[in-house]
Amino acid sequence: MKTPSYLWNPPPVYSLAVRGLTARYPVHRIFCVGRNYHAHAVEMGAPVDKSKAQPFYFTKSASSLVESGATVPYPTGTSNYHYEMELVVAIGAPAFRVKAAEAASLIYGYAAGLDMTRRDLQLVAREQGRPWDLGKDFELSAVCSEIVPAGSLGVLDHGAIKLAVNGKERQSADLSQLIWSIPELLADLSKFYHLLPGDLIYTGTPEGVGAVKSGDLISGNIDRVGEVSLAIGQPE
Ligand code: MN
């Protein structure tokens, strides 16, 4: 087959380290779940009644990925830059119209992630019925730890999830408080997409979201999964 030539170098393959392996996990798409912990939905002024509601999603570009431990500039266009600590599910097999019971066979592993958010821009978009892209899908906004292969973890349904800023605890909850569980999310999202290996799902944040500023250090932890950190640098 003839090797194609390009006008300039094509984009890199975005990828994450995998614990215990030298091979990296190549990232395809990044899906994020909105309002998946009751107390966070309430703090955002939008409580969820699971008997009537469906999960909803937004996406981030793979190019927004940044590995844990990085220092990122305070982003442009915002004065209310928020952390959201989240469990990330890394898909390892094709999934289309799957049943919740099939979840275990579809999960490659897990990671600890930060859904960094320009909250002021997100809320303007929300109020005006506009897309959330400016608030959510911006450069260096999808922070992610190494991937931990699911192995004996199976389908995670409990475990502490915590976040601190400069060592002071800001978020503390348990994965058992997810409104839509991982199997339910896989069943639902796969109604709308042909999920593929390399797709990441940020499963939503618990209560306690808040703003950070230049000089702050964010550190998060999920039991049995690991840690994620991000340092906030000066604005560009
Ligand atoms: Mn989020």
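What counts, and where the lines are drawn
Residues numbered from 1 in each chain as written. Predicted model: local features only at pLDDT ≥ 70, side-chain atom pairs only at ≥ 80, totals over all residues. Heavy atoms only, no water. Phe/Tyr/Trp six-rings, centres within 6.5 Å; stacked < 30°, edge-to-face > 60°. Helix = DSSP H or I, 4+ residues; strand = E, 2+ residues; numbered from the N terminus. Buried < 20%, exposed > 50% of the residue type's maximum accessible area, 1.4 Å probe, protein only. Contact = heavy atoms within 4.5 Å. Salt bridge = Lys/Arg side-chain N within 4 Å of Asp/Glu carboxyl O. Pairing = 2+ DSSP bridges. Core = buried A, V, L, I, M, F, W, Y, C linked by side-chain atoms within 4.5 Å. Arc of directions from axis to C-beta.

Enquirer: Describe the packing of aromatic side chains, and please don't skip the residues or the numbers.
Expert: Scanning the model with the defined rule gives six aromatic pairs in all. With a centroid separation of 5.8 Å and 35 degrees between ring planes, the pair formed by Y25 and Y108 is classed as tilted. Linking Y25 in strand β2 (residues 25-26) with Y108 in strand β9 (residues 107-115), this pair joins segments that are 83 residues apart in sequence. Judged by its relative accessible area of 6%, Y25 is buried.

Enquirer: Describe helix α5 (residues 182-189), and please don't skip the residues or the numbers.
Expert: Burial analysis of α5 places seven of its eight residues in the buried class, the great majority of the element. The complete set of buried residues in α5 reads I182, P183, L185, L186, A187, D188 and L189. Among the structural elements, β3 (30-34), β4 (56-60), β8 (85-91), α2 (103-106), β9 and β15 (200-202) are those in contact with the buried residues of α5.

Enquirer: Tell me about the pattern of salt bridges, and name the residues and values.
Expert: Here the structure, examined in full by the defined rule, presents twelve salt bridges. A salt bridge links K60 to D115; its shortest N-O distance comes to 2.8 Å. Of this pair, K60 sits in strand β4 while D115 sits in strand β9, and the two are 55 residues apart along the sequence. Where R119 meets E84, a salt bridge forms, and the shortest distance between an N and an O atom there is 2.8 Å. Of the two residues, R119 sits in helix α3 (residues 119-128) while E84 sits in the loop between β7 (81-83) and β8, which places them 35 residues apart along the sequence.

Enquirer: Break down the pairing of strand β17 (residues 217-222) for me, citing the residues and quoting the values.
Expert: Alternating positions in β17 separate cleanly, I218, G220 and I222 being buried on one face and L217, S219 and N221 remaining unburied on the opposite face. Across five bridges, strand β13 (residues 160-165) lies against β17 in antiparallel orientation. Across the sheet, V165 pairs through a bridge with I218, a residue of β17. In this structure, β17 lies alongside strand β18 (residues 226-233), joined through six bridges in antiparallel fashion. When the bridges of β18 are listed, I222 appears paired with G226. Hairpin geometry of β17 and β18 is characterised by an intervening segment of three residues between the two adjacent antiparallel strands and by a positive phi of about 70 degrees at R224.

Enquirer: Account for the sheet that holds strand β16 (residues 210-211), with residues named and values stated.
Expert: The strands making up a sheet associate through hydrogen bonds between their backbones, and the pairing can be parallel or antiparallel. One open sheet holds the three strands; their spatial order is β10-β7-β16, and the pairing between them is antiparallel. In this open sheet, the two strands that pair with only one neighbour each are β10 (117-118) and β16. Sheet analysis places β7 next to β16, joined by two bridges and oriented antiparallel. When the sheet's bridge partners are listed, Y83 is paired in β16 with G210.

Enquirer: I'd like to hear about the nonpolar core, residue by residue, with values.
Expert: In this structure, Y110, M116 and L200 are the most contacted members of the largest nonpolar core, which totals 70 residues. In this structure, L200 is in contact with L16, Y25, V27, R29, I30, F31, L65, V88, V89, A90 and I147, ignoring residues within four places of it in sequence.

Enquirer: Go over unusual backbone geometry, please, and point to the residues and values.
Expert: Despite not being glycine, L140 has its phi angle at roughly 65 degrees, a positive value. Here L140 lies in the loop between α4 (133-136) and β11 (142-144). For L140, a relative accessible area of 30% gives the class partly exposed. A positive phi angle, near 55 degrees, is found at N166, a position not held by glycine. Inspection of the secondary structure assignment puts N166 in the loop between β13 and β14 (168-174).

Enquirer: Tell me what's going on with the environment of V225, and back it up with residues and numbers.
Expert: For V225, the location among the structural elements is in the loop between β17 and β18. For V225, a relative accessible area of 1% gives the class buried. Separated by 165 residues in the primary sequence, V225 and K60 have C-alpha atoms spaced 22 Å apart. Once residues lying within four places of it in the same chain are set aside, the contact partners of V225 are R19, L87, Y110, A111, A112, V148 and L156.

Enquirer: Residue-level account of the side chain of D188, with values.
Expert: Position of D188 relative to the elements: it lies in helix α5. Ignoring any residue separated from it by four or fewer positions in sequence, one finds D188 in contact with Q54, P55 and Y57.

Enquirer: Account for α3, naming residues and giving values.
Expert: Turning to α3, its buried residues are R119, Q122 and A125. All buried residues of α3 fall inside an arc of 125 degrees around its axis, so they share one side. Buried residues belonging to α3 abut β7, β10 and α4. Positive phi shows up at G129, right after α3, with a value of about 70 degrees.

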